[in-house]
Amino acid sequence: MFGFSFLRFNRREFAGAFGDIGTDLPLLVAMILAAGLDTPSVFIVFGSMQILTGLIYKMPMPVQPLKAMATLVITGKIAGPIVLGAGIAIGTIMFFLSLFGFLDRLTKSIPKAVVRGLQFGLGVSLCVLACKEYIPAEQTKGYILAAISFFIIILLLDNKKYPASLFVILLGIVYALTFHFHLTIIQSSIEVHIPIFFLPDADMILKGFVLLAIPQIPLSLGNSILATKQVSDDLFPDRKPISVKKIGFTYSLMNLISPLFSGIPCCHGAGGMVGHYTFGGRTGGSVVIYGSLYIILGLFFGNGIQNIIKTFPLPMLGMILFFEALSLITLLKDTIPNKREFIIAILTGMIAFGLPYGFLIAMVVGTGVYYSPITLSTLSKLGDRIIKEQKDY
């Protein structure tokens, strides 16, 4: 191991570095293809933002593509200049929300049970993505790879000497080299690239604001800001708590810088932090390692990245994503002693998962129910009789 007190580079940090790759990598590639973005620029800038947050926060504070925005870009094939304009738009919005204290007031008014519900909803979303899209990607072989990955992670998840995700990634590389990889892929991909400077005009920023930033804001407030702050408090209770204002400012900074170098809009995320932590990340080292991977790919492999990535089996990334989702969902357990809060958390999570603009609706509904005189006693008492009979027995 080597590094500073807040920046370590050991096998646990290397393992944690891959804790969020199942979410990020497929979204990045899909956005690049749908919007016609410059691949090297996207990877280099995305990796640089990872390193920046690792140094600023001194913990595994990852950077992720904006999920609601990514979905709209991928499904609507929205042009790259509008995507970059949306980054400037949402960065500006988040800057003023942070500057004028709105995020601080939001944190004080949103109860912890609602935040837990938002995390639960995100966890269910990631779980569905892993199980419906990634794991079946190679049909029978995919299920076999996923099963092997599952048992590796289950056996090694608590093992500090042999980190689980490293073995899964190594197995995936061996599989790719054996069945999909050709040396010509690397040879044809090697070429040095640098990010392309780009300055969105007012029309691009306005269109990006209307088409992409407005739908993204509720998810960002719920997951990128509130839930990330809560997760950092949960996972690092001995460190000085991070303020939502600081998270908002770094969110803003990333989105005001990234589009100028043709990088995609990005955010922090509760799921990403949980993913890094679950597989071993404890310092900023894990995100520095993770970011360095993207910079190397962008600098030296440029427009051949898609071909390289296609060789790695999606089912194995899916299983890493599955355990990231499971870790997020289990954070719900601290609401269980208070039955009413537990039900509110479940209610909030299901709304967040199931509805369009679900995170915004979930925050409003969950907070309203929490502060209302509604007792939810009927739901609270479900199963009590069975539990009592089991105890008596």
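Residues numbered from 1 in each chain as written. Predicted model: local features only at pLDDT ≥ 70, side-chain atom pairs only at ≥ 80, totals over all residues. Heavy atoms only, no water.

Under an unreviewed UniProt entry, the protein has the name Putative membrane protein.

Enquirer: Help me get a handle on the overall build of the protein, residues and values and all.
Expert: Of the regular secondary structure elements, the protein holds 20 helices and 4 strands. Relative to the 2.2 N^0.38 estimate, which gives 21 Å for 393 residues, the radius of gyration of the protein is 21 Å and therefore close to what a compact globule would have. Overall size of the protein, expressed as C-alpha extent along the three principal axes, is 70 × 50 × 40 Å. When each of the 393 residues of the protein is scored for burial, the buried share is 55%. For the protein, the distance from the average position of its 29 positive side-chain charges to the average position of its 20 negative side-chain charges is 6 Å. (Helix = DSSP H or I, 4+ residues; strand = E, 2+ residues; numbered from the N terminus. Rg over C-alpha atoms; globule rule 2.2 N^0.38 Å. Buried < 20%, exposed > 50% of the residue type's maximum accessible area, 1.4 Å probe, protein only. Lys, Arg positive; Asp, Glu negative; His and termini not counted. Charge placed at Lys NZ, Arg CZ, Asp CG, Glu CD.)

Enquirer: Give me the nonpolar core: which residues, what numbers.
Expert: Membership of the largest hydrophobic core comes to 107 residues, with the highest contact counts inside it found for Phe-43, Val-73, Leu-212, Leu-221 and Tyr-294. For this core, the leading source of residues is helix H11 (residues 202-235), giving 10 residues. (Core = buried A, V, L, I, M, F, W, Y, C linked by side-chain atoms within 4.5 Å.)

Enquirer: Account for the packing of helix H6 (residues 102-109) against H11, naming residues and giving values.
Expert: Two elements in contact, H6 and H11, have axes separated by 11 Å at closest approach and are oriented at 70°. Taken together, H6 and H11 sit at an angle that is classed as roughly perpendicular. Once H6 is placed against H11, the crossing between them reads as right-handed. Packed against H6, whose contacting residues are Phe-102, Leu-103, Leu-106 and Thr-107, the element H11 presents Leu-221, Ile-225, Leu-226 and Lys-229 at the interface. When the residues that make up the contact of H6 with H11 are grouped by side-chain class, the tally is 6 nonpolar, 1 polar and 1 charged. (Axes fitted to C-alpha atoms, helices over the stretch in contact; angles between N-to-C directions. Parallel < 35°, antiparallel > 145°, perpendicular 65-115°, else oblique. Left-handed = near helix turned anticlockwise from the far one by under 90°. Contact = heavy atoms within 4.5 Å. Nonpolar A, V, L, I, M, F, W, Y, C, P; charged D, E, K, R; others polar.)

Enquirer: Give a detailed account of the pattern of salt bridges, specifying residues and quantitative values.
Expert: Following the criterion strictly, the structure yields 5 salt bridges and no others. Three or more residues are tied together by salt bridges with common partners; here these are Lys-112, Arg-116, Asp-234 and Asp-334. (Salt bridge = Lys/Arg side-chain N within 4 Å of Asp/Glu carboxyl O.)

Enquirer: Which residues make up the environment of Pro-313, and what are the values?
Expert: Tracing the backbone shows Pro-313 in the loop between helix H15 (305-310) and helix H16 (314-330). Placed 192 residues apart in sequence, Pro-313 and Gly-121 show a C-alpha to C-alpha distance of 26 Å. Those residues in contact with Pro-313, other than ones at most four positions away along the chain, are Glu-138, Leu-145, Gly-172, Tyr-175 and Ala-176.

Enquirer: I'd love a proper account of unusual backbone geometry, names of residues and values included.
Expert: Phi angles above zero are rare outside glycine, and Lys-58 is one such case at about 60°. Among the residues examined, Lys-58 registers a relative accessible area of 37% and is labelled partly exposed. If you check the backbone angles, Gln-139 has positive phi at about 55° while not being a glycine. With respect to the helices and strands, Gln-139 occurs in helix H8 (residues 139-156). A relative accessible area of 61% places Gln-139 in the exposed class.

Enquirer: Give a description of the packing of aromatic side chains that names residues and reports values.
Expert: Under the counting rule described, the total for this entry stands at 12 aromatic pairs. Considering the side-chain rings of Phe-236 and Tyr-277, the 5.6 Å spacing of their centres and the 85° angle between planes classify their relative orientation as edge-to-face. With Phe-236 in the loop between H11 and helix H12 (244-257) and Tyr-277 in helix H13 (residues 270-278), this pair connects stretches of sequence that are 41 residues apart. By relative accessible area, which is 24% here, Tyr-277 ends up partly exposed. When the ring of Tyr-290 is compared with that of Tyr-294, the centres are 4.9 Å apart and the planes differ by 85°; the resulting orientation is edge-to-face. Here Tyr-290 pairs with Tyr-294, and both are found in helix H14 (residues 285-301), just 4 residues apart, close to one helical turn. (Phe/Tyr/Trp six-rings, centres within 6.5 Å; stacked < 30°, edge-to-face > 60°.)

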